[in-house]
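Each chain, written out:
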Amino acid sequence: MGALVTLDLPDDSPMLGLPWIITFGPLGDADEWEPVVCGPYERPHALALAEAIVAEEQLMAVVEPLLPALSAEEIRGEIAAAQVAAEDEAAQLDQADLYGDFEDTIDEELEAAAAQEDRAEPLAPPTEAELRAGFGRIAAKLTGGG
């Protein structure tokens, strides 16, 4: 069984209505291959597909919202925020003792994924027809029709 990582969002989060992507990659450092990105999907479809895959294979699946940017400046802002976050994480790692402060170095998403209850059966993956209907709803949202 692999691992599924996603955001834990409140039921009223506007992010729930965004298109979502799935990034599949190796679970450990021993495997080296380029991650596979799939989507966009509606969130329930993305979660069900990812869960169906990681239930059978030793992979990591990251399910995250696709944030459409409407300008180059928005993209630059996202890049700057990611760079600042990476610098902060690197600084935390540098400050951690060799044998202490291990909790500070654990990725919060992986910790949350490990704490979740294991489900007995993964969700059934959506059918092709359900996915195509979801693609239509996503396209309508992105073009202002929905």
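Described below are features of the structure shown in this document. All figures in this text were calculated on a predicted structure; none of them were measured in a lab.

## Points about the overall build of the chain
The secondary structure content of the chain amounts to five helices and four strands. Sequence-ordered secondary structure for the chain, helices as α and strands as β, is β-β-β-α-β-α-α-α-α. A buried classification covers 23% of the 146 residues belonging to the chain. Contacts spanning at least 24 positions in sequence make up 69% of the contacts within the chain whose residues lie at least 6 apart.

## Here's the deal with the sheet that holds strand β1 (residues 3-6)
Ordered in space as β1-β4-β2-β3, the four strands form an open sheet in which the pairing is mixed. Looking at the sheet topology across the chains shown, the edges are occupied by β1 and β3 (36-41). Across the sheet, the axes of successive neighbouring strands diverge by a mean angle of 20°, strand direction being ignored. Direction of pairing for strand β2 (residues 20-26) relative to β3: antiparallel, over a ladder of four bridges. Note that in β3 the partner of Trp20 across the bridge is Tyr41. Docked against the sheet, helix α1 (residues 43-56) engages β1, β2, β3 and β4 (59-65), running at close to 175° with respect to β4.

## Considerations on the nonpolar core
Counting residues in hydrophobic clusters, the biggest one holds 13 residues, and the most contacted among them are Leu4, Ile22, Tyr41, Ala46, Ala50, Ala61 and Val63. Within the residue set of this core, elements represented by two or more residues are β2, α1 and β4. Excluding anything up to four places from it in sequence, Ala61 contacts Ala3, Leu4, Val5, Ile22, Thr23, Phe24, Ala50 and Val54.

## With respect to the pattern of salt bridges
Side-chain pairing between opposite charges can occur once the charged atoms of the two side chains come close. Going through the model one piece at a time under the given rule, you end up with three salt bridges. One salt bridge connects Arg137 with Glu42, and the closest N-O pair in it is separated by 2.6 Å. Residue Arg137 is located in helix α5 (residues 128-142), and its partner Glu42 is located in the loop between β3 and α1; the two are separated by 95 residues in the primary sequence. Judged by relative accessible area, Arg137 falls into the partly exposed class, the value being 40%. On the basis of relative accessibility, which here comes to 18%, the residue Glu42 falls in the buried class.

## Looking at the environment of Asp31
Along the chain, Asp31 turns up in the loop between β2 and β3. Owing to a relative accessible area of 42%, Asp31 belongs among the partly exposed residues under this scheme. Separated by 28 residues in sequence, Asp31 and Leu59 place their C-alpha atoms 9.8 Å apart.

## Some thoughts on α5
Between its first and last C-alpha, α5 extends 21 Å over 15 residues, near the 21 Å set by a 1.5 Å rise per residue. Residue Gly144 follows α5 closely and has a positive phi angle near 85°.

The rules behind the values
Residues numbered from 1 in each chain as written. Predicted model: local features only at pLDDT ≥ 70, side-chain atom pairs only at ≥ 80, totals over all residues. Heavy atoms only, no water. Helix = DSSP H or I, 4+ residues; strand = E, 2+ residues; numbered from the N terminus. Buried < 20%, exposed > 50% of the residue type's maximum accessible area, 1.4 Å probe, protein only. Contact = heavy atoms within 4.5 Å. Pairing = 2+ DSSP bridges. Axes fitted to C-alpha atoms, helices over the stretch in contact; angles between N-to-C directions. Core = buried A, V, L, I, M, F, W, Y, C linked by side-chain atoms within 4.5 Å. Salt bridge = Lys/Arg side-chain N within 4 Å of Asp/Glu carboxyl O. Expected span 1.5 Å × (residues − 1).

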